[in-house]
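Chain by chain, the residues run as shown.
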Amino acid sequence: MPPAKKKAKTESMPAGVRWMYKDDKKWKEYGLEDQQMLEKSYGSMRGGKKVMETKKLTFNKEYGSVYVFDFKNWTQHNKDSDTTRKIMRCVEDSDEESEDEDEEGDDVQWEVQDNHQMWTAFYDEDNELIETAYQKNKKKIFKTAELTFNKGFDSTYSFDWKNMKQTNEDSGNSRNIRRKANGKPKAWKIKNYGISGSTGSAPAEAVKGVLSYPDTWSKQKDPMMDQFEVKSGSTEYNDVLKDFFKTIHKKVTVKKLMRVQNYALWPFYALNKDKISKTNGKFGCNEKMLFHGARVRANMDCILKYGFDTRVANAGLCGTGTYFAVNANYSDSGYVFKAQDGTKEMMICRVLVGRHALRKGNDRRPPPLDPKKPNSGLYDSVVDNMQNPVMHVVFYDNQAVPEYVVYYK
């Protein structure tokens, strides 16, 4: 008998690892053979050179072009066409430490865990400072007072890379931190997002009062949404910013206050307000003006135009819902959009908290009013603390609407 043919040796991929490249505006996955080759090359280069040249790509068989892979700057370059594309190595659903954790690059993002177990990204200046210190000496504890949120306080913060802890040496408070390769915050995909139609024909006479716009709103100009600057020193200006100044807990200068009049969102919010008020009887809808932020410009614009969407909400200590802060300093601590000139933008929103319950953990909706009768009705929202809440969380999109944006520095 002829000798049995040896099976071709194939490289296996670690569980949860994928190699991808950016084609125009979309990330696409390499073919399996190419991913196996890239993973093998990447693994053999750790600690040494970071560049690999090859012609052996499945899509390159008919062309024979030379491709250069730079695992430090995460690029793929075609020498023949002089075309460069971004690449990334994704590690998903793994309890092990990511193999690309020590890689440098523009897409590294540092995050800190707040009191509500929510991970929030450091601002760009702080992110760059922390990453530089981390790369310089991963064994030495890094100490600094040069953090954007620390201006005016001048506390010393230490960063322990081994235990991944950030400690305020003045107060002794420690928080968990983490480093995410390819983790820079991206905007949501906002195509066909939320409500895209008009409010339709005029409402029936019976509900016209329910749908009436607030008395403070100006004359409508656009069919969908207008933004008007509120006059500084006016009664509206002072009323809206009273709690902002009271709870920001630092000296700030307000550059302007904009009123957002969203005619598409308001009817849904108003009808829900009427429904909660009638359902709760003497408890009412318990409408509050609370604070909310979005770190990415596109997300900020998306909320103002289309409203809140719990489908893209992050899970936190109070479950998977939309979180609103009672105090402005909470939103200011890393959740608001910050322009290049240092100006921050914070939303002030109408929120129907109704009857609220203490959070249970991984909630996706409020708990029942009577646990023994789960179908008898639900609470309207949850809080982190019944006596002195820091957060109100709602799980229904039409339970909140952004009405103001304060620009401050």
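Residues numbered from 1 in each chain as written. Predicted model: local features only at pLDDT ≥ 70, side-chain atom pairs only at ≥ 80, totals over all residues. Heavy atoms only, no water.

Quick notes on the nonpolar core
The nonpolar side chains of a soluble globular protein tend to be buried, and buried together. This is how it is decided: Working definition of a nonpolar core: buried Ala, Val, Leu, Ile, Met, Phe, Trp, Tyr and Cys residues. They are joined through side-chain atoms within 4.5 Å. Exposure categories follow from relative accessible area, calculated using a 1.4 Å probe and restricted to protein chains: below 20% of the type maximum is buried, above 50% is exposed, and the middle band is partly exposed. The way it works is that DSSP assigns letters per residue, a run of H or I at least four long becomes a helix, a run of E at least two long becomes a strand, and they are numbered from the N terminus. Any two residues whose heavy atoms approach within 4.5 Å at even a single point are treated as in contact.
Grouped together as the largest cluster of nonpolar side chains are 27 residues, with contacts concentrated most on Leu241, Phe244, Leu257, Met346, Val406 and Tyr408. For this core, the secondary structure elements donating two or more residues are helix H3 (235-247), strand S14 (254-262), strand S18 (322-325), helix H6 (328-332), strand S20 (344-352), strand S23 (391-394) and strand S24 (400-408). The element best represented in this core is H3, accounting for 4 residues. In contact with Met346, not counting residues within four places along its chain, are Phe244, Ile248, Phe291, His292, Ala328, Ser331, Asp332, Val336, Tyr404, Val405, Val406 and Tyr408.

A look at the sheet that holds strand S11 (residues 165-168)
Convention followed: Whether two strands pair comes down to DSSP finding at least two bridges between them. For helices, the axis comes from a line fit to the C-alpha atoms of the stretch in contact; other axes are also lines fit to C-alpha atoms, and the angle between any two N-to-C directions lies between 0 and 180 degrees.
Here we have 6 strands laid out as an open sheet, ordered S8-S7-S12-S11-S10-S9, and antiparallel in their pairing. Looking at the sheet topology across the chains shown, the edges are occupied by strand S8 (119-121) and strand S9 (142-144). Averaged over all pairs of adjacent strands, the angle between strand axes in this sheet comes to 30 degrees, irrespective of strand direction. Pairing of strand S7 (residues 109-113) with S8, which is carried by 3 bridges, proceeds in the antiparallel orientation. By the bridge assignment, Val112 is partnered in S8 with Thr120. Contacting S7, S9, strand S10 (157-160) and strand S12 (174-180), helix H2 (residues 124-136) crosses the sheet at an angle of about 105 degrees to S7.

Some remarks on the pairing of S7
For S7, a buried count of 5 out of 5 residues is recorded, marking the element as mostly surrounded by other parts of the structure. The alternating pattern of S7 places Gln109, Glu111 and Gln113 on one face and Trp110 and Val112 on the opposite face, and all of these are buried. Two strands pair when backbone bridges link them, and S7 and S12 are joined in this way by 4 bridges, in the antiparallel orientation. Along S12, the bridge assignment pairs Glu111 with Arg178.

Keep in mind these values describe shape, not function.
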